[in-house]
Amino acid sequence: MTSLNSHGLRFAFGTLTALPVRVSRWDRGTARAGMLCAPLTGLAVGLLAAVPGVLLLLGGAGPLVAAVASAALPAALTRGLHLDGLADTADGLGSARPAEDALRIMKRSDIGPFGVVTLLFVLLAQVAALFELYGRGWADGALGTVAAAVTARLALTLASRRGVPPARPEGLGAAVAGTVPPLGGAAVACAVVACCAAAGAPLGGYGAALHHALAVLAGLVAAQMMLRHCVRRFGGVTGDVFGALEETAATAALLVLSLSPG
């Protein structure tokens, strides 16, 4: 079990980030452990992304500069993998073509107009939400950055649950689809919601704790809606769909956090 957990962590960090981690096993058991560990990769990415935002804010920069830094670093830490998946999924969904044709469009290396527009508005929404959070203080901005990153990867854990089929017989989607047991995914989700609520409590007591818990749940609901639509449209999930789910969950969580708790 210890060996499997170690390989699972390697799988999670090696496939969901650009950190120099070598994936030494690529079987279903390792994929299951890796996707259950996915929120930990979000924690690492979120903490790293919060550092430049906090330093810039404390150094005298405005909240907009801090927001841009905290929004840009996650893209760098994943080599833009999830943003690319979002753009490809938007092109596939926007094509109005049959599933097979839409999947072929998604595999192309170029980005179409639907992808460009989607990337533009998603990144604007993330920066605007982080601007609002950093405007309240460095702690709100940092915690919002971390909570969004963890929520985003938790959405991938739940999207890997049994009953969600792959759209292709190859790729990351096929490797992880259906690997996570529902009870295991639910347990991880409850732990993440509880941890985010506890982390938010020092910012404003029970109200802030509830606000952060609702932000995580909102991100998961938005990702679930996207997942259901993609499964109906493509017949299952792909690596690109996972990228779209990640960005959808992160954006929804940030937008909810940016709302005034009052």
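**Considering helix 2 (residues 28-36)**
Phase 1: Restricting attention to buried positions, one finds in helix 2 the residues Gly-29, Thr-30, Ala-31, Ala-33, Gly-34 and Met-35.
Phase 2: Put simply, Asp-27 is the residue that caps the front of helix 2, since its side-chain oxygen is 3.1 Å from the backbone nitrogen of Gly-29.

**As for the pattern of salt bridges**
Phase 1: On inspection of all chains with the given rule, the structure shows three salt bridges.
Phase 2: Asp-101 is the partner of Arg-104 in a salt bridge, and the nearest nitrogen-oxygen pair spans 2.0 Å. Pair noted here: Arg-104 and Asp-101 are both in helix 6 (residues 99-107), with a separation of three residues, about one helical turn.
Phase 3: Judged by relative accessible area, Asp-101 falls into the partly exposed class, the value being 25%.
Phase 4: Here Glu-132 and Arg-136 are joined by a salt bridge, their closest N and O atoms 3.7 Å apart. In this pair, Glu-132 and Arg-136 are both assigned in helix 7 (residues 113-136), four residues apart and thus about one turn of the helix distant.
Phase 5: A residue is classified by how much of its surface remains accessible, and Glu-132, at 36% relative accessible area, is partly exposed.
Phase 6: Its relative accessible area of 31% is what places Arg-136 among the partly exposed residues.

Rules and cut-offs
- Residues numbered from 1 in each chain as written.
- Predicted model: local features only at pLDDT ≥ 70, side-chain atom pairs only at ≥ 80, totals over all residues.
- Heavy atoms only, no water.
- Buried < 20%, exposed > 50% of the residue type's maximum accessible area, 1.4 Å probe, protein only.
- Helix = DSSP H or I, 4+ residues; strand = E, 2+ residues; numbered from the N terminus.
- Polar contact = N/O pair within 3.5 Å; in protein donor to acceptor, adjacent residues only side chain to side chain.
- Salt bridge = Lys/Arg side-chain N within 4 Å of Asp/Glu carboxyl O.

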